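Descriptive analysis of the structure
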Amino acid sequence: MTRLIVHSASLARLWTPYESHLSQRIITILDAGADGVELSNGPSILDWFPAGKLARRLRDRVVTLHAEVNHVSGIPVREYLVWASRLNSEYSISNITFHPDELLPGDLELLVSSSMPVSIENMDARRTAWTDPTEIRRLLPGGLSLTFDTAHAMEHGLDISGFSGLPIAEVHLSLSIGS
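Computed from a predicted structure; not experimentally measured. Throughout this document, residue positions are counted from 1 along each chain, in the order its sequence is written. Totals for whole chains, interfaces and linings use every residue, but because this is a predicted model, local features are given only for residues with pLDDT of at least 70 and side-chain atom pairs only at 80 or more, for both listing and counting. Note that water and hydrogens are dropped before the side-chain values are worked out from all heavy atoms of the structure.

Some thoughts on the pattern of salt bridges
- Salt bridge, as used here: a side-chain nitrogen of Lys or Arg that lies within 4 Å of a carboxyl oxygen of Asp or Glu. One pass over the full model with this rule turns up 6 salt bridges.
- Between Arg-127 and Asp-101 there is a salt bridge, and its shortest N-O distance comes to 2.7 Å. Placement of the pair is Arg-127 in the loop between β5 (118-121) and α5 (133-138) and Asp-101 in the loop between β4 (95-98) and α4 (107-112), with a sequence separation of 26 residues.
- Looking at Asp-101, the relative accessible area reads 26%, which means it is partly exposed.
- A salt bridge links Arg-127 to Asp-124, with the nearest nitrogen and oxygen atoms 2.9 Å apart.
- Buried means the residue's accessible area, taken with a 1.4 Å probe over protein chains only, is under 20% of the maximum for its type, while exposed means over 50%, and partly exposed covers the values in between. Owing to a relative accessible area of 16%, Arg-127 belongs among the buried residues under this scheme.
- When salt bridges that share partners are traced, they join Asp-101, Glu-102, Asp-124, Arg-126 and Arg-127 into one network. Numbered from the N terminus, helices here are DSSP runs of H or I no shorter than four residues, and strands are runs of E no shorter than two.

Side note on the pairing of β4
- What you see with β4 is no split at all: Asn-95 and Thr-97 on one side and Ile-96 and Phe-98 on the other are buried throughout.
- Looking at chain direction, strand β3 (residues 62-66) and β4 are connected through 3 bridges and run parallel. Following the sheet pairing, Leu-65 is matched in β4 by Ile-96.
- Crossovers are marked right-handed if the path from the first strand over the helix to the second runs clockwise, as seen with the strands pointing away from the viewer. Crossover β3 to β4 through helix α3 (residues 77-91) is right-handed.
- When DSSP finds at least two bridges between two strands, those strands are taken to pair. Of the strand pairs in this sheet, β4 and β5 are connected by 3 bridges, and their pairing is parallel. When the bridges of β5 are listed, Phe-98 appears paired with Ile-120.
- With respect to chirality, the unit in which β4 leads through α4 into the neighbouring parallel β5 is right-handed.

Things to note about the packing of aromatic side chains
- Side-chain rings of Phe, Tyr and Trp, where Trp is taken by its six-membered ring, are said to pair if the distance between their centres is within 6.5 Å; with planes under 30 degrees apart they count as stacked, over 60 as edge-to-face, and otherwise as tilted. All told, the structure shown has 4 aromatic pairs when counted by the stated rule.
- A ring pair is formed by Phe-49 and Tyr-91, whose centres lie 6.2 Å apart and whose planes are at 55°; its orientation type is tilted. On the criterion of sequence distance, the pair formed by Phe-49 in the loop between β2 (36-39) and α2 (52-58) and Tyr-91 in helix α3 is long-range, its members being 42 residues apart.
- Residue class for Phe-49 comes out partly exposed when judged on its relative accessible area of 24%.
- Seen from their ring centres, Phe-148 and Phe-163 are 4.7 Å apart, and the 50° between their planes marks the pair as tilted.

Take a look at the structure:
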């Protein structure tokens, strides 16, 4: 069954400051009829936990995470996984997507040993590594999967069929900013 999951960051321009309005973005996504939400919010995500009506609504929806860790947000992977585990105990996280270029030495081992489903996303045109199937294949040891972003592959001029055969956890159907 195909499910529509909307990334909370896709509504970032509706409210400022960005990090102060995660709950409002989630409510808007759910009110629009999405089957679930992919959560990301910068460093303040570790202080966020749904409450009240939002908490009840999320229990019936698909919840995935788009991790923002290490040099991007200052959040170490270990600390992020502790927060995600707490959230998972309430909402059954379907997947956590990580950008491979945000991982530090030793982080990959933490992801492989995680009790939650974890995937690595192919990178966009701003990145020079972790873009093609050959590079991604080397990053998928021990049960890790791929979050395949269509725009990222197209930005690099890659044939999408080249990713077939890789274990794919999610497909992010997206458009390049230049599209």
